[in-house]
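# Overview (structure and organization)
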Amino acid sequence: MAKDYDPQRLDVRRFAEEGAELAGQDALPRYRRLFAETQEEPGDRSVTWQARGELLHPHHVQPQVWLHLDAAANLPLVCQRCLRPVDIPLTVHRSFRFVTDEATAAAEDDASEEDLLALSRSFDLVELVEDELLMEVPVAPMHDTCPEPVKMSVADPDFEAAGGERENPFAVLGRLKAGK
Ligand SMILES: [Zn+2]
């Protein structure tokens, strides 16, 4: 029953036909695009995921090929309020229906509320995991509660009256990163 599936060269239809499952736990740096969102400090961060194939309407002329994906990662980012490190948990729970080719996926995608992908005999599941997690990365990561109180200069009338030039937090961050 347990056949070997290569998550980077997945025969999606067979995976669905057999209702197979795959799971992985990979070091975060392996996901280069995701890792590039962080400060790229080596550590023991990991990305965990699991996938399950499903064939719907198996006796229909055209059964539907589905893949259900769960993925999670704890991404070390920089809080855009206090500029300290913050761990942002990312999670993905999505289901994808596979159609015959890219053109069909593109044509049907607008009309469908389902997430459509093109069938492949060597589908890169790891890339899909990374794509989906990347979409969950917040534009402005922040602590729920920053470790130390931050002076709310924006709401401070004295500050506004003084015409103080507030420094762009990204400029500050840039200097921090450059070690200046
Ligand atoms: Zn913060």
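Residues numbered from 1 in each chain as written. Predicted model: local features only at pLDDT ≥ 70, side-chain atom pairs only at ≥ 80, totals over all residues. Heavy atoms only, no water.

## Comments concerning the sheet that holds strand E1 (residues 21-27)
One open sheet holds the five strands; their spatial order is E1-E2-E3-E4-E5, and the pairing between them is mixed. Only two strands of the sheet have a single partner each, and these edge strands are E1 and strand E5 (115-118). Looking at each pair of strands side by side, their axes are set apart by 30° on average, direction ignored. For E1 and strand E2 (residues 46-56), the ladder comprises seven bridges, and the chain directions are antiparallel. Paired with Leu22 across the strands is Ala51, a residue of E2. Its contacts with the sheet place helix H3 (residues 102-109) against strand E4 (85-99) and E5, and it is angled at close to 165° to E5. (Pairing = 2+ DSSP bridges. Helix = DSSP H or I, 4+ residues; strand = E, 2+ residues; numbered from the N terminus. Axes fitted to C-alpha atoms, helices over the stretch in contact; angles between N-to-C directions. Contact = heavy atoms within 4.5 Å.)

## Section: the pattern of salt bridges
Tallying each qualifying case throughout the model produces 11 salt bridges. A salt bridge links Glu130 to Arg33, with the nearest nitrogen and oxygen atoms 3.3 Å apart. Pair noted here: Glu130 is in helix H4 (residues 125-136) and Arg33 is in helix H2 (residues 32-35), with a separation of 97 residues, a long-range link. The partly exposed category is assigned to Arg33, whose relative accessible area is 36%. (Salt bridge = Lys/Arg side-chain N within 4 Å of Asp/Glu carboxyl O. Buried < 20%, exposed > 50% of the residue type's maximum accessible area, 1.4 Å probe, protein only.)

## Concerning the coordination of the zinc ion
As a benchmark, a tetrahedral metal site with four donors has ideal angles of 109.5 degrees, while an octahedral site with six donors has ideal angles of 90 or 180 degrees. At 2.0 to 2.4 Å from the zinc ion lie its protein donor atoms, namely Cys79 (SG), Cys82 (SG), His143 (ND1) and Cys146 (SG). For the zinc ion, the four donor atoms in the first shell make angles of 102 to 122° at the metal, a pattern classed as tetrahedral. Read in sequence order, the donor residues for the zinc ion give the motif C-x2-C-x60-H-x2-C. Taken as a pair, Cys82 in the loop between strand E3 (64-78) and E4 and Cys146 in the loop between H4 and helix H5 (157-161) lie far apart in primary sequence, 64 residues in all. Here the two residues Cys82 and Cys146 agree in accessibility, since each one is buried. (Donors = N, O, S within 2.8 Å, 3.2 Å for Na, K, Ca; no water. Tetrahedral: all angles 85-135°; square planar, octahedral: opposite > 155°, others 65-115°.)

## Structural notes on unusual backbone geometry
One non-glycine residue, His57, lies in positive phi territory at about 55°. Inspection of the secondary structure assignment puts His57 in the loop between E2 and E3. His57 sits in the partly exposed class, given a relative accessible area of 45%. Phi angles above zero are rare outside glycine, and Leu83 is one such case at about 60°.

## Quick word on the side chain of Asp11
Relative to the assigned elements, Asp11 resides in the segment before helix H1 (12-17). The exposure class of Asp11 is buried, given its relative accessible area of 17%. Excluding residues that lie within four positions of it along the chain, Asp11 makes contacts with Ser120 and Arg121.

## Quick notes on the nonpolar core
Leu34, Val47, Trp49, Leu67, Leu125 and Leu133 are the most contacted members of the largest nonpolar core, which totals 38 residues. The set of elements that each furnish at least two residues to this core consists of H1, H2, E2, E3, E4 and H4. Top element by residues in this core is E3. It accounts for seven residues. Setting aside residues up to four positions removed in sequence, Leu67 forms contacts with Leu10, Phe15, Ala51, Arg52, Arg94, Ser95, Phe96, Phe98, Leu125 and Leu128. (Core = buried A, V, L, I, M, F, W, Y, C linked by side-chain atoms within 4.5 Å.)

## Points about the side chain of Thr38
Along the chain, the position of Thr38 falls in the loop between H2 and E2. Engagement of the side chain of Thr38 in a polar contact is seen with the backbone oxygen of Phe35, the distance being 2.6 Å. Contacts of Thr38, omitting those with residues within four sequence positions, involve Leu28, Leu75, Pro76 and Leu77. (Polar contact = N/O pair within 3.5 Å; in protein donor to acceptor, adjacent residues only side chain to side chain.)

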